[in-house]
Amino acid sequence: MPHVTKQDEAKSDEAKPDEVKSDNAAFSSTENTNEFSSCDPKLEITEEFLMTLLCYVGAARSAFISAMRSARSGNFELATQQIAEGDQALKDVHKSQTELIGYDQGSGKVQMTLILTHIQDHIMTTMLCREVTEEVIAIHQELKGLKS
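Residues numbered from 1 in each chain as written. Predicted model: local features only at pLDDT ≥ 70, side-chain atom pairs only at ≥ 80, totals over all residues. Heavy atoms only, no water.

Chemist: Got a sec to walk through the packing of aromatic side chains? Specific residues and values, please.
Modeler: The relative placement of two aromatic rings is captured by the distance of their centres and the angle of their planes. Tallied over the full model, the rule gives zero aromatic pairs. Sitting over the face of the ring of Tyr103, Lys109 holds its NZ or CZ atom 4.7 Å from the ring centroid. (Phe/Tyr/Trp six-rings, centres within 6.5 Å; stacked < 30°, edge-to-face > 60°. Lys NZ or Arg CZ within 6 Å of the ring centre and 35° of its normal.)

Chemist: Could you give me a rundown of the pattern of salt bridges, with the residues and numbers involved?
Modeler: In the structure shown here, the tally under the stated rule is two salt bridges. Notably, a salt bridge pairs Asp87 with Arg130, separated by 2.5 Å at the nearest N-O pair. Here Asp87 is found in helix α2 (residues 76-104), whereas its partner Arg130 is found in helix α3 (residues 114-147), with 43 residues between them in sequence. Arg130 sits in the buried class, given a relative accessible area of 17%. Glu134 is paired through a salt bridge with Arg130; the nearest N and O atoms lie 2.3 Å apart. Placement of the pair is Glu134 and Arg130 together in helix α3, with a separation of four residues, close to one helical turn. A network of salt bridges, in which partner residues are shared, links Asp87, Arg130 and Glu134. (Salt bridge = Lys/Arg side-chain N within 4 Å of Asp/Glu carboxyl O. Helix = DSSP H or I, 4+ residues; strand = E, 2+ residues; numbered from the N terminus. Buried < 20%, exposed > 50% of the residue type's maximum accessible area, 1.4 Å probe, protein only.)

Chemist: I'd like to hear about α2, residue by residue, with values.
Modeler: Here α2 is 29 residues long and its end C-alpha atoms lie 41 Å apart, about the 42 Å a rise of 1.5 Å per residue gives. Downstream of α2 by one or two residues, Gln105 has phi in the positive range, about 50°. (Expected span 1.5 Å × (residues − 1).)

Chemist: Describe in detail the side chain of Arg130, supporting the description with residues and values.
Modeler: Side-chain polar atoms of Arg130 contact the side chain of Glu134, separated by 2.3 Å. If we skip the residues at most four places from it in the chain, Arg130 touches Phe64, Ile83 and Asp87. (Polar contact = N/O pair within 3.5 Å; in protein donor to acceptor, adjacent residues only side chain to side chain. Contact = heavy atoms within 4.5 Å.)

Chemist: Could you give me a rundown of the environment of Gln82, with the residues and numbers involved?
Modeler: Looking at the secondary structure, you find Gln82 in helix α2. On the accessibility criterion, Gln82 (12% relative accessible area) is buried. With sequence-adjacent residues up to four places away left out, Gln82 is seen in contact with Ala63, Ser66, Ala67 and Ser70.

Have a look at this one:
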């Protein structure tokens, strides 16, 4: 996943969503003592980073919807696999989101944009979709048991 860069730095290195390193991270710092230094100016979050987050959260949501459809057709084993796929994608996105929040510490170091707000909305609705998916699958399992 692409990283976040300072406005005056343009790096093209890529990192996975769950990687955080001081020289190639979602948040980069020029100070070696603390990766998330409070002295850093506002960061610019690259469009590529944001689009990648959006793609990951979209993949998670899609997997959860597919799991509900698989359960409806009675394929509970596939539904379980699809939930696991969605969970992994959501875990990667959630970790990046948590790191952004931790870096910002409520001080405004991460500049909020419309797309970042849009992604936050997708993350939250996908987390809700995950919870609903479990309930829908349980209902389908009960219904399949009643029909048998």
